[in-house]
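Here are the chains, one letter per residue:
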Amino acid sequence: MKPCVKRTLVDEKVAEHPISVSQACQLINLSRSVYYYQPVPSSDTEIVEALDRLSEKHPTQGFWKLHHRLRQEGHTWNHKRVHRVYCQMGLNFRRKKKRRLPARVKEPLVVPDRINTTWSMDFMSDILAGGRKFRVLNVMDDYNREALAIEVDISIPSERVKRVLERLLFFRDKPRRIRVDNGPEFMANTLVDWCELMNIELQYIQPGKPSQNAFVERFNGSYRKDVLDAYWFESLEQVRTLSEKWRIDYNHHRPHEALGNISPVMFAERERMLTVENAGAFPTINIHDNGDDKKRKNFNYQLS
């Protein structure tokens, strides 16, 4: 029987019979000290304030470090009580250790000699009018600087990056390699395993060296100047619509200085025509007249 129940029985005996509290306690087998005890409500306000102050000043230190600091300040709170308050405050979060990046070899930034040899990917970020952040994944072909995809969303994890690449492979041949930085989305096992399965090399640049991915960085600058910094977006749909419209114009109409002031699509088509002509796919056809002068007419069939 709990002391609170016995205390109630003592009160009932004293009220019903002409006996004292001492006699009633003996009858109920309850100590008089327990009967007269008044519980003192415990307040953890002081512990909360102390832990909040120390955790803000030393954000990387765990429970035991903070507990010993409290002891050094003269507080004698039981460590179990302090730990209970520590957990209630949500300070027992798991701290991730910094991961050491594998050694990256500096790769020369070479312009590929054909399409779908090397792709580049990179992330950008911006905010909507309401203050919500969003991310942009840009994918381009280094050969003709063609923008293959501009993916816009609040979050673009590694699984989403993989789906973007899978969508591109429905319309294009797979690249030999993809150049990326050391972001967590590009280093995740989801993307790494998929690239190994597709026999695509992930070429990582050295940390802190964005110039080693200069093609897509240059594209990012044009995209930010013409789209992200030029308009005030209220929704993701507006960003997607305008980005896709800009991407089509960039690929088909916008002159590119590195390509001889023609668009990426025109450059790729011109190079394809030159390759076909050099391979002799469309040879010269000689047609001879049957007249006396026997003039020779040459018709050079060229692609329009």
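### Looking at helix α7 (residues 158–168)
It helps to recall that an α-helix has 3.6 residues per turn; residues three or four apart then point in one direction.
Link 1 in the chain: Of all the positions in α7, only S158, R160, V161, K162, V164, L165 and L168 are classed as buried.
Link 2 in the chain: Contact partners of the buried residues in α7: β1 (118–127), β2 (133–141), β3 (146–153), β4 (177–180), α8 (184–187) and α9 (189–197).

### A short note on the side chain of S120
Link 1 in the chain: On the secondary structure map, S120 appears in strand β1.
Link 2 in the chain: Within the structure, the side chain of S120 is placed 3.3 Å from the side chain of N213, a separation counted as a polar contact.
Link 3 in the chain: Discounting chain neighbours no more than four positions away, the residues touching S120 are N138, V139, M140, D142, R179, N213 and V216.

### Description of the nonpolar core
Link 1 in the chain: By size, the foremost hydrophobic cluster in this structure holds 22 residues, and its most contacted members are M121, L137, V139, F186 and L191.
Link 2 in the chain: When contributions to this core are tallied by element, the ones reaching two or more residues are β1, β2, β3, α7, β4, α8, α9 and β5 (201–204).
Link 3 in the chain: No other element matches the four residues that α7 contributes to this core.
Link 4 in the chain: Membership of the second largest hydrophobic core comes to 19 residues, among which are M140, V216, V227 and V239.

### Concerning the environment of V34
Link 1 in the chain: In this structure, V34 sits in helix α3 (residues 32–36).
Link 2 in the chain: Along the backbone, V34 and P3 are 31 residues apart, and their C-alpha atoms lie at a distance of 7.3 Å.
Link 3 in the chain: Apart from residues no more than four positions distant in its own chain, V34 is found in contact with P3 and R7.

### Focus on the confidence of the model for the chain
Link 1 in the chain: Averaged over all residues, the pLDDT of the chain is 84; the fraction at 70 or higher stands at 85%.
Link 2 in the chain: Contacts for the low-pLDDT stretch residues 282–304, under 50 throughout, to residues beyond four places or in other chains number 22 contacts.

Criteria and thresholds
Residues numbered from 1 in each chain as written. Predicted model: local features only at pLDDT ≥ 70, side-chain atom pairs only at ≥ 80, totals over all residues. Heavy atoms only, no water. Buried < 20%, exposed > 50% of the residue type's maximum accessible area, 1.4 Å probe, protein only. Helix = DSSP H or I, 4+ residues; strand = E, 2+ residues; numbered from the N terminus. Contact = heavy atoms within 4.5 Å. Polar contact = N/O pair within 3.5 Å; in protein donor to acceptor, adjacent residues only side chain to side chain. Core = buried A, V, L, I, M, F, W, Y, C linked by side-chain atoms within 4.5 Å. pLDDT = per-residue confidence, 0-100.

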